[in-house]
Amino acid sequence: MPGQLPLYIQQKLAEQRKNHAFRRLHLPEAGSIDFTSNDYLGLSRVGWAEHSEAFSHGSGGSRLLSGNFMAAETLEETIAAFHQAPTALLFNSGYDANLGLLSSVAKEGDSIFYDILSHASLRDGIRLSKAEAFPFLHNDIEDLRRRLAQAKGSIFVVTESLFSMDGDLAPLAEMVRICEETGAYLIVDEAHATGVIGHRGHGLVQELHLEDRIFARVQTFGKAVGCHGAAVLGSQDLKDFLINFSRPLIYTTGYGCGTGTAYPFDSTHAVCRHTATQTDQPFPDPGRDCTGQ
Ligand SMILES: Cc1ncc(COP(=O)(O)O)c(C=O)c1O
């Protein structure tokens, strides 16, 4: 499923190629003069002038124009490897990542089913998508199954893996099974699980070995990773699609090259802040205790 894209996405990518409009991220050529920069006064380099790009205060432009850097590409490779995903694409925040992902992958006529406790950023992305949206009861697989009977077009199922308000886990393994049965694309927001759940803090998806069966994951850096930004994990085609059509990525000054460098982290000390009783899904590593006792 993750390698397979909704037909709409395949068609849009093919159209872009046919129209010679396919957008790629380019690295600035050494020694070239940048006439597209947002960095009008050159202040991004103040204090760092003699150093490499890695030391500027900001990217100076959209990543599709002058705001792409080797440091950002290297960070994406590091994050993709850490999370065992084919690719990672940086966004300026988790909010932007969810908005950029959901608003672009689903179109009018599609159906999005989302856990009713999903974060505002997921809901706002869903609203912007023009697809029909159906909430399902929190972590309720039977309710999801019932509601999927209403699906039209491409089907997306959206959930967080660890919910912040109740501290409970989504029944991801069952959700993956239902999505595979119905041909739905599963999107998992790992904002609260990143750095907290699983060996080295990889998140719940990897802890359950589901990384190859999920359409897209969102890892955010504003919580356990301790900075800001986010990455969408998914196939190369999904990444290409977002670079071409995700407006919160295209029309914003790119991710600063000095941020997000906490990856790859090792948070084995923080792995078990969890209450297994709040979900019918057993915690993957219940023997560990993070309280130091
Ligand atoms: C589940 C979830 N997703 C996304 C976000 C947004 O992340 P960020 O703070 O990086 O914009 C939050 C923030 O609270 C969140 O709880």
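Scroll up a little and you will see the structure.
Below, the structure is looked at part by part. Remember, it's a predicted structure, so these values are computed and weren't measured experimentally.

Okay, the overall build of the protein next. When you go through the protein residue by residue, the secondary structure sums to nine helices and seven strands. For the protein, the residues scored as buried account for 44% of the 293 residues in total. Pairs at least 24 residues apart make up 69% of the contacts formed inside the protein by residues separated by at least 6 positions.

A word on the pairing of strand E5 (residues 185–189). The buried count for E5 comes to five of five residues, which makes it a mostly enclosed element. Alternating positions in E5 separate into two faces, Tyr185, Ile187 and Asp189 on one and Leu186 and Val188 on the other, with burial throughout. Sheet analysis places strand E4 (residues 155–160) next to E5, joined by five bridges and oriented parallel. Residue valine 158 lies in a different strand from E5, and its bridge partner there is isoleucine 187. On the question of chirality, the crossover connecting E4 to the parallel E5 by way of helix H6 (residues 172–182) is right-handed.

Take the sheet that holds strand E3 (residues 132–136) next. As summarised here, the arrangement of the seven strands in space is E1-E7-E6-E5-E4-E2-E3, forming an open sheet in which the pairing is mixed. Looking at the sheet topology across the chains shown, the edges are occupied by strand E1 (87–91) and E3. Within the sheet, the average angular offset between the axes of one strand and its neighbour, ignoring direction, is 20°. By the bridge criterion, five bridges tie E1 to strand E7 (residues 230–234) in an arrangement that is antiparallel.

A separate point is the packing of helix H1 (residues 7–18) against helix H8 (residues 236–245). Direction vectors running N to C along H1 and H8 enclose 60°, while the axes themselves pass 10 Å from each other. The two elements H1 and H8 cross, and the hand of that crossing is left-handed. Every residue of H8 that contacts H1 at Ile9, Lys12, Leu13 and Gln16 is listed here: Asp237, Asp240, Phe241, Asn244 and Phe245. Taken together, the residues of the contact of H1 with H8 break down into four nonpolar, two polar and three charged.

Right, let's get into the pairing of E3. Bridging between strand E2 (residues 111–115) and E3 involves five bridges; their strand directions are parallel. Bridging across to E3, serine 111 finds its partner in glutamate 132. Once you follow E2 into helix H4 (residues 120–129) and on to E3, the crossover reads as right-handed.

So, about the packing of helix H3 (residues 94–105) against H4. The interhelical angle for the contact between H3 and H4, taken along N-to-C directions, is 30°, at an axis separation of 7 Å. The angle between the axes of H3 and H4 places the two elements in the roughly parallel class. As for how H3 packs across H4, the hand of that crossing is right-handed. Where H3 abuts H4, its residues Gly94, Tyr95, Asn98, Leu99, Leu101, Leu102 and Ser103 lie against Ser121, Leu122, Asp124, Gly125, Ile126, Leu128 and Ser129.

Among the secondary structure elements, leucine 43 is positioned in the loop between H1 and helix H2 (70–82). For leucine 43, a count of 12 C-beta atoms within 10 Å corresponds to the exposed category.

Our focus in this paragraph is the nonpolar core. Grouped together as the largest cluster of nonpolar side chains are 68 residues, with contacts concentrated most on Leu101, Phe156, Val157, Leu186, Ile187 and Val232. Tallying contributions element by element places H3 first for this core, with six residues. Among residues more than four places away in sequence, those in contact with phenylalanine 156 are Val105, Ala106, Asp110, Ile112, Ala184, Tyr185 and Ile187.

What follows concerns H1. Helix length check: H1 (12 residues) gives 16 Å between terminal C-alpha atoms against 16 Å at 1.5 Å per residue, within 8%. The element H1 is barely covered by neighbouring structure, given that only one of its 12 residues are classed as buried. Just beyond H1, the residue with positive phi is histidine 20, at close to 50°.

A few words on unusual backbone geometry. At histidine 20, a residue that is not glycine, the phi angle is positive and equals roughly 50°. Position of histidine 20 among the secondary structure elements: in the loop between H1 and H2. Overall, histidine 20 belongs to the exposed group, with 6 C-beta atoms counted inside 10 Å. One non-glycine residue with positive phi stands out, namely glutamine 84, at about 50°. On the basis of neighbour counts, which here come to 13 C-beta atoms within 10 Å, the residue glutamine 84 falls in the partly exposed class.

Conventions used here
Residues numbered from 1 in each chain as written. Predicted model: local features only at pLDDT ≥ 70, side-chain atom pairs only at ≥ 80, totals over all residues. Helix = DSSP H or I, 4+ residues; strand = E, 2+ residues; numbered from the N terminus. Buried ≥ 20, exposed ≤ 12 C-beta atoms within 10 Å, placed from the backbone. Contact = placed C-beta atoms within 7 Å. Pairing = 2+ DSSP bridges. Right-handed = clockwise from strand over helix to strand, strands pointing away. Axes fitted to C-alpha atoms, helices over the stretch in contact; angles between N-to-C directions. Left-handed = near helix turned anticlockwise from the far one by under 90°. Nonpolar A, V, L, I, M, F, W, Y, C, P; charged D, E, K, R; others polar. Parallel < 35°, antiparallel > 145°, perpendicular 65-115°, else oblique. Core = buried A, V, L, I, M, F, W, Y, C linked by C-beta atoms within 7 Å. Expected span 1.5 Å × (residues − 1).

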